[in-house]
Amino acid sequence: MFFSISSAGFPFAISKIVSEYNALGYKIYRSNKKNGKYKLISTVKENNYTDTKLKYGKTYYYKLTSYNAISSQTSNIVYKKVVPSKVDNLKVLSVGEKNIKISWNKVNASGYEIYRSTNNKKWSKVKTINKNSTLSFNNIKLKTNKTYYYKVRSFVKVGGKKVYGKFSNVIS
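Parameters and conventions
- Residues numbered from 1 in each chain as written.
- Predicted model: local features only at pLDDT ≥ 70, side-chain atom pairs only at ≥ 80, totals over all residues.
- Heavy atoms only, no water.
- Helix = DSSP H or I, 4+ residues; strand = E, 2+ residues; numbered from the N terminus.
- Buried < 20%, exposed > 50% of the residue type's maximum accessible area, 1.4 Å probe, protein only.
- Contact = heavy atoms within 4.5 Å.
- Phe/Tyr/Trp six-rings, centres within 6.5 Å; stacked < 30°, edge-to-face > 60°.
- Lys NZ or Arg CZ within 6 Å of the ring centre and 35° of its normal.
- Pairing = 2+ DSSP bridges.
- Axes fitted to C-alpha atoms, helices over the stretch in contact; angles between N-to-C directions.

Student: For this particular structure, what's the right way to read the environment of Ser-103?
Tutor: Within the secondary structure layout, Ser-103 lies in strand 10 (residues 100-103). Given the relative accessible area of 9%, Ser-103 is considered buried. Residues Ser-103 and Val-152, spaced 49 residues apart in sequence, show a C-alpha to C-alpha distance of 9.5 Å. Apart from the residues within four sequence positions on either side, Ser-103 is in contact with Asn-89, Leu-90, Lys-91, Leu-93, Leu-135 and Ser-136.

Student: I tried to follow the packing of aromatic side chains on my own but got confused; where do I start?
Tutor: Any pair of aromatic rings gets described here by the distance separating the centres and the angle formed by the planes. On inspection of all chains with the given rule, the structure shows 4 aromatic pairs. With a centroid separation of 5.4 Å and 35° between ring planes, the pair formed by Tyr-61 and Tyr-79 is classed as tilted. One end of the pair, Tyr-61, is in strand 6 (residues 59-67); the other, Tyr-79, is in strand 8 (residues 78-81), with 18 residues separating them in the sequence. Looking at Tyr-61, the relative accessible area reads 16%, which means it is buried. Relative to Tyr-164, the ring of Phe-155 lies with its centre 6.4 Å away and its plane at 65°, an arrangement referred to as edge-to-face. With a relative accessible area of 0%, Phe-155 lands in the buried category. Its guanidinium or amino end placed over the ring of Phe-167, Lys-151 lies 4.2 Å from that ring's centre, counting from NZ or CZ. Directly above the aromatic system of Phe-155 lies the positively charged group of Lys-162, at a separation of 4.4 Å from the ring centroid.

Student: Looking at this structure, how should I read the pairing of strand 6?
Tutor: Look at any regular strand and the pattern is simple: side chains alternate between the two faces of the sheet. Of the strand pairs in this sheet, strand 3 (residues 25-31) and strand 6 are connected by 7 bridges, and their pairing is antiparallel. Note that in strand 6 the partner of Ser-31 across the bridge is Tyr-61. The pairing of strand 6 with strand 7 (residues 72-74) spans 3 bridges and is classified as antiparallel. Opposite Tyr-67, over in strand 7, you have Ser-72 as the bridge partner. What sits between the antiparallel neighbours strand 6 and strand 7 is a turn of 4 residues.

Student: How do you make sense of the sheet that holds strand 13 (residues 136-139) when you look at a structure like this?
Tutor: The strands making up a sheet associate through backbone hydrogen bonding, with each pair oriented either parallel or antiparallel. Spatially, 9-10-13 is the arrangement adopted by the 3 strands of the open sheet, whose pairing is antiparallel. Only two strands of the sheet have a single neighbouring strand rather than two, namely strand 9 (91-95) and strand 13. For this sheet the average axis-to-axis angle between neighbouring strands, irrespective of direction, equals 20°. The pairing of strand 9 with strand 10 spans 4 bridges and is antiparallel. Bridge assignment links Val-92 to a residue of strand 10, and that residue is Ile-102.

See the structure below:
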């Protein structure tokens, strides 16, 4: 039996459960360690489940047992770290003589970090935004006739530390 965990953000959705025989249902187990003790968190009849009792920065391990009237079958172990969602829809809002304004869609996060490059290889952080409601950045005092590349990542603060999501797509 195989399954996958979708969503890079929160919550996790266990989906695409494929069993090699006609299962009546599935028992879903979770652990904080691959070889740790697995706790039964739910029994479902559908081939999907959403796990909402998670904490950012933690890695969770899952295994499933499918069952029917005659026997049961245990899955492979799948794990996922809880991180904020990837920033999407990064775009250039306006270009001035010495400024570029970019924007992105809101994700469930504490804030965002904006990175800039002039060669799409070496990146520098140019701004940290500590409010998830701020969804744009105006980069000023730029040089004319130069190409600038941008990417953004979200973060959440957990115990005074930042847990980062994946970087957005790069725009120029």
